[in-house]
Protein chains: 2
Amino acid sequence: MISEKMQEHVKNSSIIRAMFEEGKRLSAIYGVENVFDFSLGNPSVEPPQEVKEAILEIVNHENAISIHGYMNNSGYEDVRASIAASINHKFGTAFNQNNIIMTVGAGGGLNVIFKTLLNPRDEVITFAPFFGEYKSYVKNYDGELVVVSANTATFQPNLEEFKTKINAQTKAVIINSPNNPTGVVYSNETLIKLADILREKQKEFGTDIYLISDEPYRELAYDRVEVPYVTKFYANTIIGYSFSKSLSLPGERIGYLVIPDEVTDSENVIAAANIATRILGFVNAPSLFQRVVAKCLDAKVNLEAYNKNRELLYHSLLSYGYECIKPEGAFYMFVKSPIEDDIEFCRLAKEKNILVVPGTSFFCPGYIRIAYCVSYETIKNSLPGFKALIEELK
Amino acid sequence: MISEKMQEHVKNSSIIRAMFEEGKRLSAIYGVENVFDFSLGNPSVEPPQEVKEAILEIVNHENAISIHGYMNNSGYEDVRASIAASINHKFGTAFNQNNIIMTVGAGGGLNVIFKTLLNPRDEVITFAPFFGEYKSYVKNYDGELVVVSANTATFQPNLEEFKTKINAQTKAVIINSPNNPTGVVYSNETLIKLADILREKQKEFGTDIYLISDEPYRELAYDRVEVPYVTKFYANTIIGYSFSKSLSLPGERIGYLVIPDEVTDSENVIAAANIATRILGFVNAPSLFQRVVAKCLDAKVNLEAYNKNRELLYHSLLSYGYECIKPEGAFYMFVKSPIEDDIEFCRLAKEKNILVVPGTSFFCPGYIRIAYCVSYETIKNSLPGFKALIEELK
């Protein structure tokens, strides 16, 4: 009795659900401390102290009707003004509150912008490997996700192939840097070239192509690597941001879209995104957490904890013979599977109580994703398993 | 450059936006205390004290990673178990946590269930007058909203016409009691007849027809009127609930769906609703407020404040010559426009600084909706304007 679209989803997702059940089963047998679950991107680092302080400050001192009440569907004006000012201060941009739409996390924001832009059969291009939900988000509005295959040498986007996939139906391109699942940060050079191609193709086809930059990991970058602000490279850029990882608040569903005035038809895009927020049933981003994040725009999670995990895992895996690009951001490592069949490798890893996700789920077979947002102990205790795995496969 | 569907929305909504701007303009000229804004269903009564206590208790004593983190897309198991137990206790039902899916308010819940059920061109029946967003929610999934015209004698649903509108394409029926905009509560008798018709038509067409009961106003009922629990009348019932009004938390976007085991194909409906929550970009209902509402299931807002407004407004309007069914629930009064053209009446009311919404917006021309979730002072001070209005029109 469920819709045809959902029947497919239920069929496919039962495989993933079976994996989770397996994890639970293993924990019950071996104890949760002996199961090494690297499958989920759930932050392991506490929210910064400022979050708790902000909640207490607001709840104790502000008017309850206004902190929990309706506001403009795009969010509180003062919160949006604070966010715009903060971005301007950090990146030298010139946004104001009208360019900011508060969203129910990045997932909510991407749905709002796809609802705003896509007609049936419009194409959205992305680069493998990518967060698999993009496919569902685009399909929700009857668009088509077009995938550019991975450049496994650097995991920077494959721009030569990209050129060949742009056509008159291309409505948007979605990028994600720091990247899930590779941890790669798109360089200035990459963004300059990407923007050049887009401008050229806009001219060639007489169309507008929106570049959507999905940035939930912007704040998680190591070794002082710079994560360029994408609106500076290309006028038709829309940013999707989330506080899920930067403040370790993934369950609270709080983020925002930036729709610059430079975007083609910006007034209508902004008005439509406001309405899409309402009619998709979000109505508005959660009100208390709008006010909380506005007080925490300079707060930082303990990045050093993730960095310690990254260093230990990266150097250990390399010393065992694994191959991997050192991630510069996010909390994922995308490791070459020692055997061609990444799904089989994940099965073998599970026999060692190690849970990782096959690259196939990110449209890049032959790799596995390790989410290292776990305790340092978990990393340390999993290492003998990783070592034994590759030795047995040699 | 925005999608065709959104172009229509932007065109239509700009009329409403113009109304809001007008309200702001009036406030600037005459002072906010001299403008009587009855246009919005934003609770005017504070959340009960238990809400603040619950927030402080959780934030001060529970683990920050788990209160702000990801959980099952359907919500925390313990929260869902508490809600199921509370419903069972109040209504003698037999739900468990698997029947409960936490949602981003009622708007989020309705989108989840329509995404779950509707194929393109499936029909969803509702009864005028109704909350206009239903049309957008159904259209989001390419369904068709079929409207049964109003029974203006009682504003109970027009069941004779209803029978004639059910066909093989009818996938769902959506009802809303206590009702926005009339304040009417559907009686036991109404629900018994409605259920009989649905069962008969299911048999006639060999189909399943889901009855979706949208219940954000369940807790707002006056004069000890009973709001029947709809799952008891008809097996294929799904409940959409929200804490927005019962706890005065509309900005926090927290509610739930109840999908009983008795529903046809319930296992798949539940699984699909879980996935729909994820892929629509909600991901999960806001985490802190899931935990907050679980601690406030017996908390109540100050209903007497709304009741006082209701009594004053109802008796005053009647004494001036207005016609209106006395609302038994919610915080709306649906008053017959003294002139046929309800939009023109709203324009005239605005000249007296009274902002009300035309019944046309609820697919029931000739009436106006007054949202009396305002201060008692606002009601009192608006009365001379209402009196003058009808006198000038006589």
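Residues numbered from 1 in each chain as written. Chains lettered and ligands numbered in written order. Predicted model: local features only at pLDDT ≥ 70, side-chain atom pairs only at ≥ 80, totals over all residues. Heavy atoms only, no water.

A short note on the sheet that holds strand 9 (residues 332–336) of chain A
All names here are of chain A.
- Spatial ordering of the open sheet is given by 9-12-11, a layout of 3 strands whose pairing is antiparallel. Only two strands of the sheet have a single partner each, and these edge strands are strand 9 and strand 11 (357–358).
- Of the pairings in the sheet, the one linking strand 9 to strand 12 (residues 367–371) comprises 5 bridges and is antiparallel in character. In the strand pairing of strand 12, Lys336 is matched with Tyr367. (Pairing = 2+ DSSP bridges. Helix = DSSP H or I, 4+ residues; strand = E, 2+ residues; numbered from the N terminus.)

Some points on the interface of chain A and chain B
- The interface of chain A with chain B comprises 72 residues on the first partner and 72 residues on the second.
- Taken together, both faces of the contact between chain A and chain B bury some 5,800 Å²; the carbon and sulfur share is 57%.
- Three residues, Met1(A), His68(A) and Tyr70(A), lead the burial of chain A against chain B; their summed loss comes to 13% of the area buried on that side.
- Along the contact surface separating chain A from chain B lie 2 salt bridges.
- A salt bridge links Arg278(B) to Glu133(A); the shortest N-O distance between them is 2.8 Å.
- Across the contact surface, chain A and chain B share 38 residue pairs in polar contact (both at pLDDT 80 or more).
- The set of elements that each furnish at least two residues to the side of chain A that touches chain B consists of helix 1 (4–30), helix 2 (49–61), helix 3 (64–67), helix 5 (105–117), helix 6 (133–139), helix 9 (266–279) and helix 10 (287–294) of chain A. (Contact = heavy atoms within 4.5 Å. Buried area = accessible area lost by both parts, 1.4 Å probe. Salt bridge = Lys/Arg side-chain N within 4 Å of Asp/Glu carboxyl O. Polar contact = N/O pair within 3.5 Å; in protein donor to acceptor, adjacent residues only side chain to side chain.)

Let's talk about the relation of the copies chain A and chain B
- With an RMSD of 0.0 Å, the operation that places chain A on chain B is a rotation of 180° combined with a shift of 0.0 Å along the axis. As the rotation angle and translation indicate, the two copies are arranged about a two-fold axis. (Least-squares fit on C-alpha atoms with pLDDT ≥ 70 in both.)

Observations regarding the nonpolar core
- If you look at the biggest cluster of nonpolar residues, it comprises 122 residues, and the most contacted ones within it are Phe162(A) and Phe162(B).
- Non-local contacts of Phe162(B), meaning those with residues more than four positions away in its chain, are made with Ile125(B), Phe127(B), Val148(B), Val173(B), Leu194(B), Ile197(B) and Leu198(B).
- If you look at the next biggest cluster of nonpolar residues, it comprises 74 residues, including Leu118(A), Val112(B), Phe130(B) and Val138(B). (Core = buried A, V, L, I, M, F, W, Y, C linked by side-chain atoms within 4.5 Å. Buried < 20%, exposed > 50% of the residue type's maximum accessible area, 1.4 Å probe, protein only.)

Observations regarding helix 4 (residues 77–91) of chain B
Residues and elements named next belong to chain B.
- Relative to the 21 Å expected for 15 residues at 1.5 Å per residue, helix 4 spans 21 Å between its end C-alpha atoms, a close match to the ideal helical length.
- When helix 4 is considered as a whole, its buried residues turn out to be Val79, Arg80, Ile83, Ala84, Ser86, Ile87, Asn88 and Phe91.
- Just downstream of helix 4 lies Gly92, where phi reads positive at about 70°. (Expected span 1.5 Å × (residues − 1).)

Notes on the pairing of strand 5 (residues 170–176) of chain B
Residue and element names in this part refer to chain B.
- Taking burial as the measure, the 7 residues of strand 5 include 7 buried ones, the bulk of the element.
- In the sheet, strand 3 (residues 123–127) pairs with strand 5 via 4 bridges, with the strands oriented parallel. Across the sheet, residue Thr126 finds its bridge partner in strand 5, namely Ile174.
- When strand 5 meets strand 6 (residues 210–215), the two strands line up parallel, connected through 5 bridges. Its bridge partner lying in strand 6, Ile175 is registered against Ser213.
- Read from strand 5 through helix 8 (residues 188–205) to strand 6, the crossover connection turns out right-handed. (Right-handed = clockwise from strand over helix to strand, strands pointing away.)

So, helix 13 (residues 376–393) of chain A
All names here are of chain A.
- Spanning 18 residues, helix 13 covers 26 Å between terminal C-alpha atoms, matching the ideal 26 Å at 1.5 Å per step.
- Of all bends in helix 13, the biggest is about 35°, found at Ser382, and the proline Pro384 comes one to four residues later.
- The elements touched by buried residues of helix 13 are strand 1 (36–37), helix 11 (303–320), helix 12 (342–351), strand 10 (354–355) and strand 12. (Bend = angle between axes of the 7 residues up to and from the residue.)

A word on the side chain of Asn236(A)
- In this structure, Asn236(A) sits in the loop between strand 6 (210–215) and strand 7 (237–242).
- Of the polar contacts made by the side chain of Asn236(A), one reaches the side chain of Asp208(A); its length is 2.9 Å.

Looking at the sheet that holds strand 9 (residues 332–336) of chain B
Residue and element names in this part refer to chain B.
- Taken in spatial order, the 3 strands line up as 9-12-11 in an open sheet, and their pairing is antiparallel. Of all strands in the sheet, those bounded by a partner on one side alone are strand 9 and strand 11 (357–358).
- Each of strand 9 and strand 12 (367–371) touches helix 11 (residues 303–320); the most contacted strand, strand 9, lies at about 5° to it. (Axes fitted to C-alpha atoms, helices over the stretch in contact; angles between N-to-C directions.)

Thoughts on the packing of aromatic side chains
- This structure, assessed with the given rule, holds 39 aromatic pairs over all chains.
- Taking 5.1 Å as the distance between ring centres and 80° as the angle between the ring planes, the aromatic pair formed by Tyr241(B) and Phe243(B) counts as edge-to-face. Of the two residues, Tyr241(B) and Phe243(B), both sit in the buried class.
- Aromatic ring contacts, followed pair by pair, group Phe38(A), Tyr322(A), Phe345(A) and Phe386(A) into a single cluster.
- The ring centre of Tyr76(A) lies 4.4 Å from the NZ or CZ of Arg291(A), which sits over that ring.
- Sitting over the ring of Tyr376(B), Lys308(B) keeps its end group 4.3 Å from the ring centre. (Phe/Tyr/Trp six-rings, centres within 6.5 Å; stacked < 30°, edge-to-face > 60°. Lys NZ or Arg CZ within 6 Å of the ring centre and 35° of its normal.)

Focus: the domain arrangement of chain A
Residues and elements named next belong to chain A.
- As far as domains go, chain A holds domain 1 (4–47 + 301–393) and domain 2 (49–294).
- Relative to domain 2, the C-alpha centre of domain 1 lies at a distance of 27 Å.
- Where domain 1 abuts domain 2, roughly 2,600 Å² becomes buried across the two surfaces, and 63% of that area is made up of carbon and sulfur atoms.
- Its largest share of buried area at the contact with domain 2, domain 1 owes to Pro47, Glu328 and Phe363, together 24% of the area lost on that side.
- At the boundary of domain 1 with domain 2, the tally comes to 2 salt bridges.
- Between Arg310 and Asp223 there is a salt bridge whose closest N-O contact spans 3.0 Å.
- Summed over the shared surface of domain 1 and domain 2, the result is 12 residue pairs in polar contact (both at pLDDT 80 or more).
- Taken together, the residues of the side of domain 1 that touches domain 2 sort by class into 18 nonpolar, 6 polar and 6 charged. (Domains from an automatic or database assignment. Nonpolar A, V, L, I, M, F, W, Y, C, P; charged D, E, K, R; others polar.)

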